[in-house]
Amino acid sequence: GDQVEQSPSALSLHEGTGSALRCNFTTTMRAVQWFRKNSRGSLINLFYLASGTKENGRLKSAFDSKERYSTLHIRDAQLEDSGTYFCAAEAGDSNYQLIWGSGTKLIIKP
Amino acid sequence: GPKVLQIPSHQIIDMGQMVTLNCDPVSNHLYFYWYKQILGQQMEFLVNFYNGKVMEKSKLFKDQFSVERPDGSYFTLKIQPTALEDSAVYFCASSLAGQGNTLYFGEGSRLIVV
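## Brief notes about the overall build of chain B
Moving on, step 1. Tallying secondary structure elements over chain B gives 0 helices and 11 strands in all.
Moving on, step 2. In summary, chain B has a C-alpha radius of gyration of 13 Å against a globular reference of 13 Å for 114 residues, a match within 12%.
Moving on, step 3. Taking all 114 residues of chain B together, the buried fraction comes to 46%.
Moving on, step 4. Contacts in chain B between residues at least 24 apart in sequence constitute 53% of all its contacts with a sequence separation of at least 6.
Moving on, step 5. Put simply, chain B shows about 5800 Å² of open surface, and 50% of that area lies on carbon and sulfur atoms.

Now the structure itself:
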């Protein structure tokens, strides 16, 4: 079955507001990466975490391997934040594979 | 930031023909990957390549698939012969090291097999 469950599948926010995306894992993951896919199809790296939290501007991510989840928080959303966000996790039993969430389509409205 | 380039961006090919997808990874990266995303489905790992060898591959990496990076040129994915179910977007990625390093992705090559 699916090892990475990402939610919500779609999210609409007004500019200036915020929300959180979440990935739950059915097994222990070693690390997680978050990406944004823009309108051109480019996958932009946002974060790589093996534990704890990281913050970059208006984005903040957390990863808890033991509790089997990762979150991506967006605050003060801007129009350019629109896109599809993916989490991808490194499984403990694999050196090279990333297991992907199904994505969250985020739309920022003026 | 670091860029991975993929050529072609789109290709339409007749079933049974051969196709080669090219990837120009980040210049100092050592690990290379191919991922496949069928329309409406999740991205899936195909293969990882390091030091001239396939390190790991998934069930999706059929016998008709092969990868190589001759003399530090493009990292290529060759499908011979192609089948209808090979229609997908193929993403190349590279990383400086393997485990524990962030991957950088190209924009994908959309392959349509007719």
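## Regarding the pairing of strand β5 (residues 43-50) of chain B
Residues and elements named next belong to chain B.
Moving on, step 1. Judged by how many residues are buried, β5 sits mostly within the fold: 6 of 8 residues are covered.
Moving on, step 2. Two strands pair when backbone bridges link them, and strand β4 (residues 31-37) and β5 are joined in this way by 7 bridges, in the antiparallel orientation. Bridge pairing in β5 links Trp-34 to Val-47.
Moving on, step 3. If you look at the hairpin formed by β4 and β5, you'll find 5 residues sitting between the two strands, and Gly-40 has a positive phi there, around 85°.
Moving on, step 4. Pairing analysis gives 4 bridges linking β5 to strand β6 (residues 53-57), with the strands arranged antiparallel. Paired with Asn-48 across the bridge in β6 is Glu-56.
Moving on, step 5. With antiparallel pairing between neighbouring strands as the criterion, β5 and β6 make up a hairpin whose turn holds 2 residues, including Asn-51 at a positive phi of roughly 55°.

## Things to note about the interface of chain B and chain A
Moving on, step 1. Taken together, the contact between chain B and chain A spans 20 residues of the former and 21 residues of the latter.
Moving on, step 2. Summing the contributions of chain B and of chain A, the shared interface buries around 1900 Å²; its carbon and sulfur component is 49%.
Moving on, step 3. Applying the counting rule to chain B against chain A returns 0 salt bridges.
Moving on, step 4. Where chain B meets chain A, there are 7 residue pairs in polar contact (both at pLDDT 80 or more).
Moving on, step 5. Among the secondary structure elements, those contributing two or more residues to the side of chain B that touches chain A are β4, β5, β6 and β10 (104-105) of chain B.
Moving on, step 6. With 4 residues, β4 of chain B is the single largest residue contributor to the side of chain B that touches chain A.
Moving on, step 7. Its residues placed into classes, the side of chain B that touches chain A shows 10 nonpolar, 8 polar and 2 charged.

What counts, and where the lines are drawn
Residues numbered from 1 in each chain as written. Chains lettered and ligands numbered in written order. Predicted model: local features only at pLDDT ≥ 70, side-chain atom pairs only at ≥ 80, totals over all residues. Heavy atoms only, no water. Helix = DSSP H or I, 4+ residues; strand = E, 2+ residues; numbered from the N terminus. Rg over C-alpha atoms; globule rule 2.2 N^0.38 Å. Buried < 20%, exposed > 50% of the residue type's maximum accessible area, 1.4 Å probe, protein only. Contact = heavy atoms within 4.5 Å. Areas by Shrake-Rupley, 256 points an atom, 1.4 Å probe, with all protein chains shown as cover. Pairing = 2+ DSSP bridges. Buried area = accessible area lost by both parts, 1.4 Å probe. Salt bridge = Lys/Arg side-chain N within 4 Å of Asp/Glu carboxyl O. Polar contact = N/O pair within 3.5 Å; in protein donor to acceptor, adjacent residues only side chain to side chain. Nonpolar A, V, L, I, M, F, W, Y, C, P; charged D, E, K, R; others polar.

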